[in-house]
Amino acid sequence: MTPVQPKLSTDFVFVIADDVSLLMVLIDTNPFFWSAANTTSLSFSKFLSHVVAFLNSVLLLNQLNQVVVIATGINTCDYVYDSAAAGALPNQRAESLLQKLVEFVVKDEQLGKEDSVDGIGSSLLSGSLSMALCYIQRVFRSGPHHPQPRILCLHGSPDGPEQYVAIMNAIFSAQRSMVPIDSCLLGAQHSAFLQQASYITGGVYLKPQQLDGLFQYLSTVFASDLYSRNFLQLPKPVGVDFRAS
């Protein structure tokens, strides 16, 4: 009788592929928002401490997980951290990220002075979403075995009506590529853009009620991979504002 060949190795490969995440984190660095939020319970320094702890937890969940951080300013956007190309020790992640953020904030401020941009109060969310989708497309084209990508927007600035068309194009592009856009809103008011982005792409929209416990919100809601979300009860939005801006 011919023995049956086990399929453990093949199934094991697919389980690992479903369990590996590529997390694109978009950080809002709008100085106008954080100068106003500094008087409340969450300052920018406390916010970064929560974010760094969350990024470390995601990387510890699976050694194959990858984290990419994109800073969203009022004049420009840029990659500030990539765990796959950082080349730094785990205890140096915070130093590398903070140094890049400082350099980005200075550059963003200089661009504002040179171009004399009026302070609308909104960040370039459309630009950071486009950069995240471009990075994800490069990952898709790298080969059949790649981590499952998702986007997390840590946003607090109000929506910019002039970005409506560009943001909707990015949302539909993410939907076509089956990339969920998660949203964690830090501002006082809800964001119609991010509500639509999370609803259309199948992501999670959350507005924490206690910003002092931001790390708990991030770790319990946004740290799980896409495969594990099928077995979790994640927050669902009460309503979505579909009005055009």
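Residues numbered from 1 in each chain as written. Predicted model: local features only at pLDDT ≥ 70, side-chain atom pairs only at ≥ 80, totals over all residues. Heavy atoms only, no water.

Within an unreviewed UniProt entry, the label attached to the protein chain reads General transcription and DNA repair factor IIH subunit TFB4, and the organism entered is Rhododendron griersonianum. Taken directly from UniProt, the Sequence similarities (unreviewed entry) text for the protein chain runs: "Belongs to the TFB4 family." Per UniProt, the comment on the protein chain under Subcellular location (unreviewed entry) is "Nucleus". (UniProt positions renumbered as here; feature names shortened; annotations may be inferred.)

Regarding the packing of aromatic side chains
Per the counting criterion, the structure on display carries seven aromatic pairs. Taken together, a centroid distance of 6.0 Å and an interplanar angle of 50° make the contact between Tyr 79 and Tyr 135 tilted. One end of the pair, Tyr 79, is in strand 3 (residues 77-82); the other, Tyr 135, is in helix 5 (residues 125-140), and 56 residues separate them in sequence. By relative accessible area, which is 30% here, Tyr 79 ends up partly exposed. On the basis of relative accessible area, Tyr 135 is assigned to the buried category, the value being 11%. Linked through ring pairs, Phe 33, Trp 34, Phe 44 and Phe 47 together constitute an aromatic cluster. (Phe/Tyr/Trp six-rings, centres within 6.5 Å; stacked < 30°, edge-to-face > 60°. Helix = DSSP H or I, 4+ residues; strand = E, 2+ residues; numbered from the N terminus. Buried < 20%, exposed > 50% of the residue type's maximum accessible area, 1.4 Å probe, protein only.)

Looking at the pairing of strand 3
Relative to strand 3, strand 2 (residues 66-72) runs antiparallel, the two sharing five bridges. Looking at the pairing, Thr 72 lines up with Cys 77 of strand 3. Between strand 2 and strand 3, which pair antiparallel and follow one another directly, the connecting turn spans four residues. (Pairing = 2+ DSSP bridges.)

Regarding the pattern of salt bridges
Across all of its chains, the model carries two salt bridges by this definition. Residue Arg 229 is joined to Asp 182 by a salt bridge in which the shortest nitrogen-to-oxygen separation is 2.5 Å. Taken as a pair, Arg 229 in the segment after helix 8 (214-222) and Asp 182 in strand 5 (residues 181-185) lie far apart in primary sequence, 47 residues in all. (Salt bridge = Lys/Arg side-chain N within 4 Å of Asp/Glu carboxyl O.)

Concerning the nonpolar core
In summary, soluble globular proteins display a tendency toward joint burial of nonpolar side chains. Counting residues in each nonpolar core, the largest one holds 35 residues, and the members touching the most others are Phe 47, Phe 54, Val 69 and Phe 222. Broken down by secondary-structure element, the contributors of at least two residues to this core are strand 1 (21-28), helix 2 (31-37), helix 3 (44-61), strand 2, strand 3, helix 4 (93-115), strand 4 (148-155) and helix 8. Broken down by element, this core gets its largest block of residues, eight residues, from helix 3. Apart from the residues within four sequence positions on either side, Phe 222 is in contact with Phe 54, Arg 150, Leu 152, Asp 182, Ser 183, Cys 184, Val 204, Leu 206, Tyr 217 and Arg 229. Judged by nonpolar contacts, the second largest core, of 29 residues, contains Tyr 135, Ile 151, Met 168 and Phe 193. (Core = buried A, V, L, I, M, F, W, Y, C linked by side-chain atoms within 4.5 Å. Contact = heavy atoms within 4.5 Å.)

Brief notes about the sheet that holds strand 5
Taking strand neighbours across the sheet as the criterion, the six strands line up as 3-2-1-4-5-6 in an open arrangement whose pairing is mixed. This sheet does not close on itself; its edge strands, each paired only once, are strand 3 and strand 6 (205-206). Taken together, the five bridges between strand 4 and strand 5 define a ladder with parallel strand orientation. Considered in strand 5, the bridge of His 155 is made with Leu 185. Across the sheet, helix 5 is in contact with strand 1, strand 2, strand 3, strand 4 and strand 5; its angle to strand 1 comes to roughly 165°. (Axes fitted to C-alpha atoms, helices over the stretch in contact; angles between N-to-C directions.)

What to know about unusual backbone geometry
One non-glycine residue, Met 178, adopts positive backbone phi at about 55°. Take Met 178: it is sitting in the loop between helix 6 (164-176) and strand 5.

Some points on the side chain of Asp 28
One can find Asp 28 in strand 1. Here Asp 28 occupies a buried position and makes no salt bridge, while the nearest side chain of opposite charge, Lys 207, is found at 13 Å. Only 2.6 Å separates the side chain of Asp 28 from the side chain of Ser 123, close enough to count as a polar contact. Looking at Asp 28, its side chain comes within polar contact range of the main-chain nitrogen of Gly 156, at 3.1 Å. (Lys, Arg positive; Asp, Glu negative; His and termini not counted. Polar contact = N/O pair within 3.5 Å; in protein donor to acceptor, adjacent residues only side chain to side chain.)

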